[in-house]
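Summary of the model geometry
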Amino acid sequence: MTWQVATVKDIREESVAARSLVLDVPEWPGHFAGQHVDVRLTAPDGYAAQRSYSLASAAVAAAGYAASEVEIMVQRIPRGEVSPWLCDVAQVGDQIEVRGPVGGYFVWDPSRTEPVLLLAGGSGVAPLMAMIRTRREAGSRVPFRLVYSVRDPDTLIYGDELNRRVRDDQGLDVTIVYTRQTPPGWRRPAGRLTGDLLTEAGWPASMSPASFVCGPTGFVEATANLLVAAGHDAAWIRTERFGPTS
Ligand SMILES: Cc1cc2nc3c(=O)[nH]c(=O)nc-3n(C[C@H](O)[C@H](O)[C@H](O)COP(=O)(O)OP(=O)(O)OC[C@H]3O[C@@H](n4cnc5c(N)ncnc54)[C@H](O)[C@@H]3O)c2cc1C
């Protein structure tokens with residue numbers, strides 16, 4: 001894998017602290033839903049910092065995107081080296097270096113037929129959104145359930161798109177779990193994902209779903225443990241931790 005120069009083609013604000021960036025990567029070889037790219041920023045004095053970002057765009061041709069365009073979604077980490085630049089400074093037309101796609105384990109292939117359970121904590125929704133978008137673009141009818149844990153309504157990412165897809169993408173269910181503060185009149189009090197909630201919003205272990213868990217390390221470990229405690233086969237649980245990469 002070699003570094004390539006990518007051009008920022010479009011930027012969308014997704015929440016108070018996250019934005020999507022569409023990157024044009026001329027030699028993009030294609031990717032699977034769930035893979036990531038390495039992004040390298042180099043300062044004028046030559047200092048370089050490199051971080052990983054999941055590919056959020058569909059893994060198959062999607063309307064409105066050229067074959068060379070991929071999307072990432074970056075959540076600002078206060079005092080971080082790379083994410084504040086991508087969230088606050090990067091503009092359409094800027095050039096950055098990328099390398100990828102990377103990873104072959106945390107991937108969903110649209111030719112698979114088992115039901116899928118997606119469990120996201122915060123920005124961990126990015127590769128799971130790639131799977132949701134890929135499902136739609138590939139015409140898959142596999143039932144998908146997303147359980148998405150966020151701190152409060154301000155940090156919800158892809159809120160409008162998820163609402164639209166629940167309406168339009170047949171067989172997709174989404175459950176949002178607010179851990180600290182809910183929107184007014186929300187059906188559940190704020191709190192962490194529990195085994196009971198997972199039973200209600202996920203698939204039973206007897207259906208042998210493929211489960212993908214992504215987010216901060218603590219979220220991933222707690223959630224994978226809940227799945228195992230509910231009888232899910234560990235071999236069907238794939239995890240991706242968004243810990244520090246520096
Ligand atoms: C495979 C993979 C895929 C990833 N995909 C995404 C993605 O799609 N979107 C996204 O926003 N991020 C993603 N990340 C995280 C990303 O790579 C960076 O770690 C993150 O953007 C912080 O980088 P930074 O340079 O801003 O902070 P740094 O300068 O690396 O760190 C600043 C401080 O914040 C802490 N910190 C670093 N990262 C995190 C974090 N994720 N959560 C909490 N504290 C942290 C550090 O310990 C340090 O104290 C992914 C990570 C991995 C390993």
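Just above sits the structure.
Let me begin by describing the structure that accompanies this report. Please read these numbers as outputs of a predicted model, since none were measured by experiment.

All right, on to the pattern of salt bridges then. The full count for this structure, using the stated rule, is 18 salt bridges. Across the salt bridge formed by glutamate 14 and arginine 12, the nearest N and O atoms sit 3.1 Å from each other. Judged by relative accessible area, arginine 12 falls into the partly exposed class, the value being 28%. Arginine 165 is the partner of glutamate 161 in a salt bridge, and the nearest nitrogen-oxygen pair spans 2.7 Å. Of this pair, glutamate 161 and arginine 165 both sit in helix H3 (residues 159-168), four residues apart, roughly one helical turn.

Attention now goes to the side chain of arginine 135. Relative to the helices and strands, arginine 135 is located in helix H2 (residues 125-138). The side chain of arginine 135 sits in the buried core without any salt bridge; aspartate 169 is the nearest counter-charge, 4.8 Å away. Once residues within four sequence positions are removed from consideration, arginine 135 is found in contact with Trp108, Ser140, Arg141, Val142, Phe144, Asp169, Gln170, Gly171 and Leu172.

As a further point, take the nonpolar core. Of all hydrophobic cores here, the largest spans 31 residues; its most connected members are Leu118, Met131, Phe144, Leu146, Tyr148, Tyr158 and Phe212. Of all the secondary structure elements, the ones that give two or more residues to this core are strand E7 (116-121), H2, strand E8 (144-150), strand E9 (172-178) and strand E10 (210-215). At seven residues, H2 tops the list of elements feeding residues into this core. Setting aside its immediate chain neighbours within four residues, leucine 146 contacts Leu118, Ala120, Val125, Leu128, Ile132, Leu162, Asp173, Val174 and Thr175.

With that settled, consider the site of the ligand. Neighbouring residues of the ligand: 23 residues in total, closest Arg51, Ser52, Tyr53, Ser83 and Phe242. Side-chain polar atom of tyrosine 53 to an oxygen atom of the ligand: 2.7 Å apart, as the coordinates give it. Take glutamate 81: an N or O atom from its main chain is 2.9 Å from an oxygen atom of the ligand. Taking a 2 Å distance to the grid points as the criterion, the majority of the atoms of the ligand fall inside the largest pocket. Ranked by residue count, the leading element in the shell around the ligand is strand E4 (residues 48-54), at four residues.

This brings us to unusual backbone geometry. The linkage connecting glycine 100 with the following residue, proline 101, adopts the cis geometry, with an omega of 5 degrees. Here proline 101 lies in strand E6 (residues 95-102). Although it is not a glycine, arginine 79 sits at a positive phi angle of roughly 65 degrees. Tracing the backbone shows arginine 79 in the loop between strand E5 (69-75) and helix H1 (83-89).

By rolling a water-sized probe across the atoms, one finds the places where empty space is left. Approximately 1200 Å³ is the volume attributed to the largest pocket. Forming the walls of the largest pocket are 40 residues, and the residues nearest its centre are Gln75, Ile77, Ser123, Pro216 and Phe242. Those elements giving two or more residues to the lining of the largest pocket turn out to be E4, E5, E8, helix H5 (217-229) and strand E11 (237-241). Ranked by residues supplied to the lining of the largest pocket, first place goes to H5 with five residues. Of the residues assigned to the lining of the largest pocket, the class counts are 15 nonpolar, 17 polar and eight charged. Approximately 480 Å³ is the volume attributed to the second largest pocket. Lining the second largest pocket are 28 residues, and of these Ser57, Ala58, Ala62, Tyr65 and Glu71 lie nearest its centre.

We now examine the environment of glycine 139. Structurally, glycine 139 is set in the loop between H2 and E8. For the pair formed by glycine 139 and proline 110, sequence separation is 29 residues and the distance between their alpha carbons is 8.5 Å.

Before going further, it helps to spend a moment on the pairing of E5. Across a regular strand the side chains alternate sides, sitting on one face of the sheet and then on the other. Burial analysis of E5 places six of its seven residues in the buried class, the great majority of the element. Taken together, the seven bridges between strand E2 (residues 18-24) and E5 define a ladder with antiparallel strand orientation. Within E5, the residue paired with alanine 18 across the bridge is glutamine 75.

Rules used throughout
Residues numbered from 1 in each chain as written. Predicted model: local features only at pLDDT ≥ 70, side-chain atom pairs only at ≥ 80, totals over all residues. Heavy atoms only, no water. Salt bridge = Lys/Arg side-chain N within 4 Å of Asp/Glu carboxyl O. Buried < 20%, exposed > 50% of the residue type's maximum accessible area, 1.4 Å probe, protein only. Helix = DSSP H or I, 4+ residues; strand = E, 2+ residues; numbered from the N terminus. Lys, Arg positive; Asp, Glu negative; His and termini not counted. Contact = heavy atoms within 4.5 Å. Core = buried A, V, L, I, M, F, W, Y, C linked by side-chain atoms within 4.5 Å. Near = heavy atom within 4 Å. Polar contact = N/O pair within 3.5 Å; in protein donor to acceptor, adjacent residues only side chain to side chain. 1 Å grid on protein atoms, 1.4 Å probe; cavity = no way out; pocket = protein on both sides within 12 Å on 5 of 7 lines; lining within 4 Å. Sits in = over half its atoms within 2 Å of the grid points. Points joined across faces, edges and corners; volume = space filled by probe spheres on them. Nonpolar A, V, L, I, M, F, W, Y, C, P; charged D, E, K, R; others polar. Pairing = 2+ DSSP bridges.

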